[in-house]
Amino acid sequence: MSLYLDYNASAPILKDSADAVIDCLKNVGNPSSVHRSGRKVKAIIENSRQKIASMIGISSNNIIFTSGATEANFLAMNASNNMRAILSSIEHPSVLSQRNDALLIPVDKSGVVSLDQLEKILYNNQSEQMFISVMLVNNETGVIQPIEEIISISKKYNTIIHVDAVQAIGRIPINMNESFEESKIDFMTISSHKIGGPKGVGCLIYKKNSEHLLLPYIKGGGQEHGKRAGTEAVELIAGFGVAADYSSNFYINESKKSRDLLEELCLKSCPNALIIGYNAPRVSNTSSIAFEGVEAENMVIALDLAGYEVSSGSACSSGKVSPSHVLRAMGYPDSVLNSSIRISLCSYLEEDIIKKFVEKISKIVVNLESIKESINASCIS
Ligand code: PMP
């Protein structure tokens, strides 16, 4: 059995969420049908919508279900058409790839968006309508972004704001309270499978005042307030609702002690270990560690063989060996970009487990370093 340490890629589904999905599969109705069976599944959708709304303290009228956060980000970014797009340089590719013409807000060495640079960009473009997208928590480093400050700077300008909160839900408290309509956030993205719900479902939260900006791109039905046509994935939505109910109690904060011990032991036993974003405010489950000189892909494979599942860079970009754009934006050299792995925990792990894991890491580091040295030596001779 492997130890799964890749919760930021996808959290294992909660038992109650899986049960809700399976139960829901037995229903026959289409939620758009007016008969009893249709109304029954429609009620399941609305019940989940209500649970998600309560999770963040908004009204259920402000939620559109999508096939996941990638689609929700697409919908939000679609609203930025005809506006000057301003994105943080560490956004998820599902945001960044939507606007090649965007102005990028740099981050500092700890991975926090530069507020001075943001203000400068806003000041220089104030004649235009601007669309800002900044994630609340970065998926690779776990660094929490100063959203309150970003909002208060943006208030002075003509801006629409989108927040990708995928890695924040269940990790840090988010409560928009009833003031969402008055708040400066226009759109927010959430995904189910990062909080123990099923994969393939997420939602876009939007302020009623900004609804007119949402252009449906899947057309042909009136579902989801006419913003996203197609019969809803009722079963997945049912599981998402259950996961939302559990999200304030996702046990992730209990992982802090284990994460801190893991980092402390890595720093002690591997002289080349570097913790990314060490001094920045971070969620308690994520550790991005570079073992300089050791290829991250080799490290991930070796750890997998040893029974530990971690990832290199962001999960969405694994499979193709491309260095992390997040670490690049933080100003790290290629040697760090190519050697960083992400370990993301969900709950407290016994000290012994952490110690064994770090022993394994340091053995692998030594082995991979010596293999590299002997390859280098044989190339020279
Ligand atoms: N945004 C962030 C910050 C993410 O971490 C992810 C998933 N890696 C996504 C968006 C995309 O989520 P989904 O898998 O639901 O499409």
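For the structure, see preceding data.
Here the structure is a predicted model, which means the values were calculated and not measured.

Colleague: Help me out: how do you make sense of helix H9 (residues 296-305) in this one?
Modeller: One turn of the α-helix equals 3.6 residues, which is why residues spaced by three or four share an orientation. Among all positions in H9, only Ala296, Met299, Val300, Ala302 and Leu303 are buried. Looking straight down H9, one finds that the buried residues subtend no more than 165 degrees of arc, so they occupy a single side. Set apart from the buried face of H9 by more than 90 degrees, the exposed residues are Ile301 and Leu305. Glycine 307 sits one or two positions beyond H9 and adopts a positive phi of about 95 degrees.

Colleague: Any chance you could explain the sheet that holds strand E6 (residues 159-164) here in plain terms?
Modeller: As a general point, the strands of a sheet are linked pairwise by backbone hydrogen bonds and lie either parallel or antiparallel. Spatially, the 7 strands line up as an open sheet ordered E2-E8-E7-E6-E5-E3-E4, and their pairing is mixed. Each end of this open sheet is capped by a strand with a single partner; those strands are strand E2 (63-66) and strand E4 (103-105). Taken pair by pair, the neighbouring strands of this sheet meet at an average axis angle of 20 degrees, ignoring direction. Bridge analysis of strand E7 (residues 185-191) against strand E8 (residues 202-206) gives 5 bridges, and the strand direction is antiparallel. Among the inter-strand pairings, threonine 189 is bridged to a residue of E8, identified as leucine 204. Strand contacts of helix H2 (residues 36-56): E2, E7 and E8, with the helix running at about 115 degrees to E2, the strand carrying the most contacts. Against the sheet, helix H5 (residues 115-124) makes contact with strand E3 (84-88), E4, strand E5 (130-133) and E6, and its axis sits at roughly 155 degrees relative to E4, the strand it touches most.

Colleague: Please clarify how the packing of helix H1 (residues 15-25) against helix H7 (residues 234-246) should be interpreted in this entry.
Modeller: Packed helix pairs are characterised by how far apart their axes lie and by the angle those axes make with each other. The contact between H1 and H7 brings their axes to 8 Å, and the two run at 155 degrees. By the angle between their directions, the pair H1 and H7 is classed as roughly antiparallel. H7 is crossed by H1, and the crossing has right-handed handedness. Here Asp16, Ser17, Ala20, Val21, Cys24 and Leu25 of H1 come into contact with H7, specifically with Val234, Glu235, Ala238, Gly239, Phe240, Val242 and Tyr246. Considered class by class, the residues forming the contact of H1 with H7 number 9 nonpolar, 2 polar and 2 charged.

Colleague: Sorry if this is basic, but what is going on with the site of the ligand here?
Modeller: Taken together, 15 residues sit near the ligand, with Thr70, Asp164, Gln167, Ser191 and Lys194 positioned nearest. The contact in question runs from a nitrogen atom of the ligand to an N or O atom on the side chain of aspartate 164, over 2.7 Å. Contact distances for the ligand include 2.9 Å between an oxygen atom and a side-chain N or O atom of histidine 193. If the ligand stood free it would expose 400 Å²; the protein chains cover 90% of that surface. The element contributing the most residues to the shell around the ligand is helix H3 (residues 69-78), with 3 residues. Across the shell around the ligand, the residue classes break down as 4 nonpolar, 9 polar and 2 charged.

What counts, and where the lines are drawn
- Residues numbered from 1 in each chain as written.
- Predicted model: local features only at pLDDT ≥ 70, side-chain atom pairs only at ≥ 80, totals over all residues.
- Heavy atoms only, no water.
- Buried < 20%, exposed > 50% of the residue type's maximum accessible area, 1.4 Å probe, protein only.
- Helix = DSSP H or I, 4+ residues; strand = E, 2+ residues; numbered from the N terminus.
- Arc of directions from axis to C-beta.
- Pairing = 2+ DSSP bridges.
- Axes fitted to C-alpha atoms, helices over the stretch in contact; angles between N-to-C directions.
- Contact = heavy atoms within 4.5 Å.
- Parallel < 35°, antiparallel > 145°, perpendicular 65-115°, else oblique.
- Left-handed = near helix turned anticlockwise from the far one by under 90°.
- Nonpolar A, V, L, I, M, F, W, Y, C, P; charged D, E, K, R; others polar.
- Near = heavy atom within 4 Å.
- Polar contact = N/O pair within 3.5 Å; in protein donor to acceptor, adjacent residues only side chain to side chain.
- Areas by Shrake-Rupley, 256 points an atom, 1.4 Å probe, with all protein chains shown as cover.

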